[in-house]
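Here are the chains, one letter per residue:
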Amino acid sequence: SFTSMTRPHDVDFSFHLWPHGWSTAILWVDGKSTEFHLTHVFNAPLESLIESTTRLANGESSSTIEWSDEPGTYILKLNVMKSERHLLSVDIAEYSRELPLHTPNDLTKTTSFFVSCDYWLHIVGAELRKIAHSFGHRHYRESRDYVFPRNLYDTFERALQQNGA
């Protein structure tokens, strides 16, 4: 479990789109990692990440990422801090049951930290660009039972450019 940190750039993020309907996301905060094993059966983890990050790039003050495991659910709530608008408060709730079956009684772990909003957009954007470019390679593309959400990704990139994020 992470604690609130004093340096809002001590965060890193990676997203790996594996073959056969699975992905892994890893979040590092102050040198500690949390790994998310994500299924594409119950929801679309990459789309949830892109949509959430696009909302933040467009200046919205909050967004949510919903990911599923088998079993389990991860809900990441990102909120722009009212007192320090350049910072995001990130709250992660882990549940023992999948979407949409989980209830508050299924909560197994919570984690919270702060990160610079611009930096969050930067590190997530870098991962999304990596995946987008990887789909240009035939072997990568053919080994995944997945179609890259190009239109959603392009909307994200436009939001970054238009809003100077």
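Our structure is the block above this text.
Rules used throughout
Residues numbered from 1 in each chain as written. Predicted model: local features only at pLDDT ≥ 70, side-chain atom pairs only at ≥ 80, totals over all residues. Heavy atoms only, no water. Pairing = 2+ DSSP bridges. Helix = DSSP H or I, 4+ residues; strand = E, 2+ residues; numbered from the N terminus. Axes fitted to C-alpha atoms, helices over the stretch in contact; angles between N-to-C directions. Contact = heavy atoms within 4.5 Å. Phe/Tyr/Trp six-rings, centres within 6.5 Å; stacked < 30°, edge-to-face > 60°. Buried < 20%, exposed > 50% of the residue type's maximum accessible area, 1.4 Å probe, protein only. Salt bridge = Lys/Arg side-chain N within 4 Å of Asp/Glu carboxyl O. Left-handed = near helix turned anticlockwise from the far one by under 90°. Nonpolar A, V, L, I, M, F, W, Y, C, P; charged D, E, K, R; others polar.

Points about the sheet that holds strand β7 (residues 107-116)
Ordered in space as β4-β5-β6-β7, the 4 strands form an open sheet in which the pairing is antiparallel. One side of each edge strand has no neighbouring strand; the edge strands of this open sheet are β4 (62-68) and β7. Taking each pair of neighbouring strands and ignoring which way they run, the sheet shows an average axis angle of 15°. With 8 bridges joining them, strand β5 (residues 73-80) and strand β6 (residues 87-95) adopt antiparallel strand pairing. Paired with Leu-78 across the two strands is Val-90, which belongs to β6. The strands touched by helix α2 (residues 117-134) are β5, β6 and β7; relative to β7, the strand with the most contacts, the crossing angle is about 110°.

Details of the sheet that holds strand β3 (residues 32-39)
Spatially, 3 strands are ordered β1-β2-β3 in an open sheet, and the strand pairing comes out antiparallel. Each edge of the open sheet carries a strand with a single partner, namely β1 (11-18) and β3. Taken pair by pair, the neighbouring strands of this sheet meet at an average axis angle of 15°, ignoring direction. Where helix α1 (residues 45-57) meets the sheet, its contacts fall on β1 and β3, and the angle it forms with β1 comes to roughly 145°. Seen against the sheet, α2 touches β1 and β2 (22-29) and runs at an angle of roughly 25° to β1.

Remarks on the packing of aromatic side chains
Across all of its chains, the model carries 8 aromatic pairs by this definition. Each ring, one from Phe-135 and one from Phe-148, has its centre 5.4 Å from the other, and the planes form 35°; the classification is tilted. Of this pair, Phe-135 sits in the loop between α2 and α3 (138-142) while Phe-148 is found in the loop between α3 and α4 (150-162), placing the two residues 13 residues apart along the sequence. We classify Phe-135 as buried; its relative accessible area is 7%. Note on Tyr-153 and Phe-156: the rings are 6.5 Å apart at their centroids and 40° apart in plane angle, and the pair reads as tilted. With Tyr-153 and Phe-156 both in helix α4, this residue pair falls 3 residues apart, about one helical turn. Its relative accessible area of 0% is what places Phe-156 among the buried residues. One aromatic cluster in this structure is built from Phe-135, Tyr-140, Phe-148, Tyr-153 and Phe-156.

Some points on the pattern of salt bridges
A complete count under the given rule lists 4 salt bridges for this structure. Ionic pairing is found between Arg-129 and Glu-157, a salt bridge with its closest N-O pair at 2.9 Å. Here Glu-157 lies in helix α4 and Arg-129 lies in helix α2, a separation of 28 residues in the sequence. For Arg-129, a relative accessible area of 29% translates into the label partly exposed. Taking relative accessible area as the criterion, Glu-157 reaches 15% and is therefore assigned buried. A salt bridge links Arg-138 to Glu-142, with the shortest nitrogen-to-oxygen separation between them at 3.3 Å. Here Arg-138 and its partner Glu-142 are both found in helix α3, 4 residues apart, which amounts to about one turn of the helix. According to the relative accessible area criterion, Arg-138 is partly exposed, its value standing at 45%. The exposed category is assigned to Glu-142, whose relative accessible area is 53%.

Section: the packing of α2 against α4
Packing of α2 against α4 brings their axes to within 11 Å, and their N-to-C directions diverge by 145°. Both α2 and α4 take part in a crossing whose hand is left-handed. Packed against α2, whose contacting residues are Leu-121, Gly-125, Leu-128, Arg-129 and Ala-132, the element α4 presents Arg-150, Tyr-153, Phe-156, Glu-157 and Leu-160 at the interface. Within the contact of α2 with α4, the residues separate by chemical class into 6 nonpolar, 1 polar and 3 charged.

These results come straight from atomic positions and should not be treated as a statement about function.
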